[in-house]
Amino acid sequence: MGDLIGDWATHITRAELGYALPRRWAHTQGVTFRAAEVGPALSLDAGLLVAAATLHDIGYAPRLAVTGFHPLDGARFLRDKHGADERLVRLVANHSFALLEAEERGLREELAAEFPLLDEPLLVDALVYCDMTTTPDGDRTTAQDRVAEIRSRYGDDSMVGRFIRRAAPEIFAAVGRIESALAAHPR
């Protein structure tokens, strides 16, 4: 996957989020920027990582929100309307430990059956890293501050609050693995 897939992903995401959800679009741009840095540094499929970063929150678009669970709605949109690459769709569907949130929503079996977790741990971790070290406004942050911000925004007793508390150790571990990998591969 190269520049064409990145251009395609940007075009679609800008169309779906740019005007409808400008703050979500700002977050997405920050996540994409981080993916463009991380992918080549770790010798990952950089085009795939950038495309997944660009598309990871597309399911928040109001016209795409069928179930209200953005990873599932976004992945279905990409698969059904665009015939997107299976690896890309599976990354979007499972980004940032989505299976744990799907469980909170009663959608775990549905998500897992339709979009199995990609068996590429470094690539999966890299997307978590990019997402969870980016603020809602697209700026850099730590994973700890990002988790605290999500808990504060949604509340600990909300579905998202319960999910993020459960996912936090996994998020921190994934971010730590990428930070270690980046430190081992100086630019």
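See the structure shown above.
Residues numbered from 1 in each chain as written. Predicted model: local features only at pLDDT ≥ 70, side-chain atom pairs only at ≥ 80, totals over all residues. Heavy atoms only, no water.

(A) Expanded view of the layout of surface pockets. Taken as a whole, the largest pocket holds about 290 Å³ of empty space. Y60, H70, E101, I150 and F163 are the residues nearest the centre of the largest pocket, which is lined by 23 residues in total. Top element by residues in the lining of the largest pocket is helix 9 (residues 143–154). It accounts for 4 residues. Classifying every residue of the lining of the largest pocket by side-chain character gives 10 nonpolar, 6 polar and 7 charged. Volume-wise, the second largest pocket comes out at about 200 Å³. Along the walls of the second largest pocket sit 13 residues, with N94, F97, L99, L117 and V124 positioned nearest its centre. Of all the elements in the fold, those that place two or more residues in the lining of the second largest pocket are helix 6 (98–104) and helix 8 (121–132). At 4 residues, the largest contribution of residues to the lining of the second largest pocket is made by helix 8. Its residues assigned to classes, the lining of the second largest pocket comprises 9 nonpolar, 1 polar and 3 charged. (1 Å grid on protein atoms, 1.4 Å probe; cavity = no way out; pocket = protein on both sides within 12 Å on 5 of 7 lines; lining within 4 Å. Points joined across faces, edges and corners; volume = space filled by probe spheres on them. Helix = DSSP H or I, 4+ residues; strand = E, 2+ residues; numbered from the N terminus. Nonpolar A, V, L, I, M, F, W, Y, C, P; charged D, E, K, R; others polar.)

(B) Representation of helix 10 (residues 159–184) in the model. The end-to-end C-alpha separation of helix 10 is 37 Å, in line with the 38 Å expected for 26 residues at 1.5 Å each. Bending of helix 10 peaks at approximately 50 degrees at the position of A167, with proline P169 no more than four residues after it. Every buried residue of helix 10 is listed here: V160, G161, F163, I164, A167, A168, I171, A174, V175, I178, A181 and L182. Each element contacted by the buried residues of helix 10 is listed here: helix 2 (22–41), helix 6, helix 8 and helix 9. (Expected span 1.5 Å × (residues − 1). Bend = angle between axes of the 7 residues up to and from the residue. Buried < 20%, exposed > 50% of the residue type's maximum accessible area, 1.4 Å probe, protein only. Contact = heavy atoms within 4.5 Å.)

(C) Focus on empty space enclosed by the protein. Using the criterion set out here, one finds 1 cavity of 30 Å³ or more in the structure. Estimated volume of the largest cavity: approximately 50 Å³. Around the largest cavity, the lining residues are R90, L91, N94, H95, S96, L117, L118, V124, L127 and V128. Looking at the lining of the largest cavity, the elements with two or more residues in it are helix 5 (86–93) and helix 8. Tallying contributions element by element places helix 8 first for the lining of the largest cavity, with 3 residues. Split into classes, the residues belonging to the lining of the largest cavity amount to 6 nonpolar, 3 polar and 1 charged.

(D) Examining the nonpolar core more closely. Of all hydrophobic cores here, the largest spans 63 residues; its most connected members are V38, L88, L111 and I171. With 11 residues, helix 10 is the single largest residue contributor to this core. Excluding anything up to four places from it in sequence, I171 contacts F97, V128, M132, A143, V147 and I164. (Core = buried A, V, L, I, M, F, W, Y, C linked by side-chain atoms within 4.5 Å.)

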